[in-house]
Amino acid sequence: MQPTIAIPLCHEWQGAGKFYMHQPYVDRILEAGGLPILFPFLAEQQLQSVLASVHGVLLPGGIDVDAALFGEEPHPKCGEINPLWDAMDVSLVRMARGMGLPLLAICRGIQILNVALGGGLVQDIPSQVPRAIQHAQDAPRWHGSHAVHIRRDSKLASLMETSSIMVNSFHHQAVGRLAPGFNASAHAADGVVEAIESSAGPFALGVQWHPELMTARQPLMQRLFGALVEQAKLTEERR
Ligand code: MN
């Protein structure tokens, strides 16, 4: 059977509400041999049913994360937040971890992964990180605009087989205090955390950049999706 990857739909709260998904996430999972399963906000029991029937989870990018979720007041530069989306993602992350599902988390995904498991965020890089580099590039979305340095002993390093790689960058928040059981596996030159991974338990890898937009010009980025699907195959074999 083809391993299935759950992808929670993104959400706009304005008006009557709207669910949507950017196609590159779906395409990268298909190219990696996975079967994407997209689903809307669900109650706990329904979410449990979805997760019991899939083999892995991809958390896509999106808007800012509510500072209250990591015990802070909102910084003046905090962008749009959506409490419905945050609540869904927090439940999803905790449930998926509890069920042993592998997780790949991108951009907002890495942030919500860290927050859902007890970590915190830098709310606004330009005003909170001394000598910050530019993390909001004005360039094509596939362009790697800044370097990240990958920790040599990390899963990310063995996956990418390199200690430094150029990444695209569209964020002003970033992982701050790490969730228990997680390590930072890559940093930008200004110290901003660009990737985290679980040090124990089920596979969980988060990246702050958008690998799904880079694969055509940087094939190494497809390895992240390949790794999730490989881990999902193991989940399927265990069941
Ligand atoms: Mn960045």
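Residues numbered from 1 in each chain as written. Predicted model: local features only at pLDDT ≥ 70, side-chain atom pairs only at ≥ 80, totals over all residues. Heavy atoms only, no water.

Okay, the overall build of the chain next. Counting secondary structure elements, the chain contains seven helices and 13 strands. Since a compact globule built from 239 residues should have a radius of gyration of about 18 Å, the 17 Å found for the chain is in line with a globular shape. Along the three orthogonal principal directions, the C-alpha set of the chain runs to about 50 × 40 × 35 Å. Residue burial in the chain is summarised as follows: out of 239 residues, 52% are buried. (Helix = DSSP H or I, 4+ residues; strand = E, 2+ residues; numbered from the N terminus. Rg over C-alpha atoms; globule rule 2.2 N^0.38 Å. Buried < 20%, exposed > 50% of the residue type's maximum accessible area, 1.4 Å probe, protein only.)

For the rest of this paragraph, the subject is the pairing of strand S5 (residues 56–59). The alternating pattern of S5 places Gly56 and Leu58 on one face and Val57 and Leu59 on the opposite face, and all of these are buried. Across two bridges, strand S1 (residues 4–8) lies against S5 in parallel orientation. If you follow Ala6 over to S5, its bridge partner there is Val57. Bridging between S5 and strand S6 (residues 103–106) involves three bridges; their strand directions are parallel. Among the inter-strand pairings, Leu58 is bridged to a residue of S6, identified as Leu104. Crossover S5 to S6 through helix H3 (residues 83–98) is right-handed. (Pairing = 2+ DSSP bridges. Right-handed = clockwise from strand over helix to strand, strands pointing away.)

Each angle at a metal carrying four tetrahedral donors should ideally be 109.5 degrees, and each at a metal carrying six octahedral donors should ideally be 90 or 180 degrees. Bound to the manganese ion on the protein side are His135 (ND1), His146 (NE2), Ser169 (OG), His171 (NE2) and Glu194 (OE), at distances that span 2.2 to 2.3 Å. Read in sequence order, the donor residues for the manganese ion give the motif H-x10-H-x22-S-x1-H-x22-E. Placement of His146 in strand S8 (residues 146–150) and of His171 in the loop between strand S9 (164–167) and strand S10 (174–175) is noted, with a sequence separation of 25 residues between them. Here His146 matches His171 in class, with each residue buried. (Donors = N, O, S within 2.8 Å, 3.2 Å for Na, K, Ca; no water.)

Before going further, it helps to examine the environment of Tyr25. Tracing the backbone through its elements, the reader meets Tyr25 in helix H1 (residues 23–31). By relative accessible area, Tyr25 is classed as buried at 3%. Through-space distance from the C-alpha of Tyr25 to that of Glu72 is 31 Å; in sequence the pair is 47 residues apart. Once you skip the residues sitting within four places of it in the chain, Tyr25 turns out to touch Leu58, Pro60, Gly61, Ile106, His210 and Glu212. (Contact = heavy atoms within 4.5 Å.)

Looking now at the pattern of salt bridges. In the structure shown here, the tally under the stated rule is six salt bridges. Between Asp86 and Arg108 there is a salt bridge, with the nearest N and O atoms lying 2.9 Å from each other. Taken together, the residues span a long stretch of sequence, with Asp86 in helix H3 and Arg108 in helix H4 (residues 108–116) at a distance of 22 residues. Of the two residues, Asp86 and Arg108, neither departs from the other in class, the shared state being buried. A salt bridge links Arg108 to Asp89; the nearest nitrogen and oxygen atoms lie 3.1 Å apart. In this pair, Arg108 sits in helix H4 while Asp89 sits in helix H3, placing the two residues 19 residues apart along the sequence. (Salt bridge = Lys/Arg side-chain N within 4 Å of Asp/Glu carboxyl O.)

Each pair of packed helices can be described by the angle between their axes along with the distance between the axes. Across the interface, H3 lies against H4 with an axial gap of 9 Å and an inter-helix angle of 65°. As summarised for this structure, H3 and H4 are arranged roughly perpendicular, according to the angle between their axes. For the crossing formed where H3 meets H4, the hand is right-handed. Counted together, Trp85, Asp86, Asp89, Val90, Val93 and Arg94 of H3 and Arg108, Ile112, Leu113 and Ala116 of H4 form the full contact between these two elements. Considered class by class, the residues forming the contact of H3 with H4 number six nonpolar, no polar and four charged. (Axes fitted to C-alpha atoms, helices over the stretch in contact; angles between N-to-C directions. Parallel < 35°, antiparallel > 145°, perpendicular 65-115°, else oblique. Left-handed = near helix turned anticlockwise from the far one by under 90°. Nonpolar A, V, L, I, M, F, W, Y, C, P; charged D, E, K, R; others polar.)

Taken together, the side chains of Leu30, Leu35 and Ile37 present a nonpolar region at the surface, about 210 Å² in accessible area. Looking at the secondary structure, you find Ile37 in strand S4 (residues 35–39). (Patch = residues over 30% accessible without salt bridge, like charges linked within 9 Å, V, L, I, M, F, W, Y side chains within 5 Å. Areas by Shrake-Rupley, 256 points an atom, 1.4 Å probe, with all protein chains shown as cover.)

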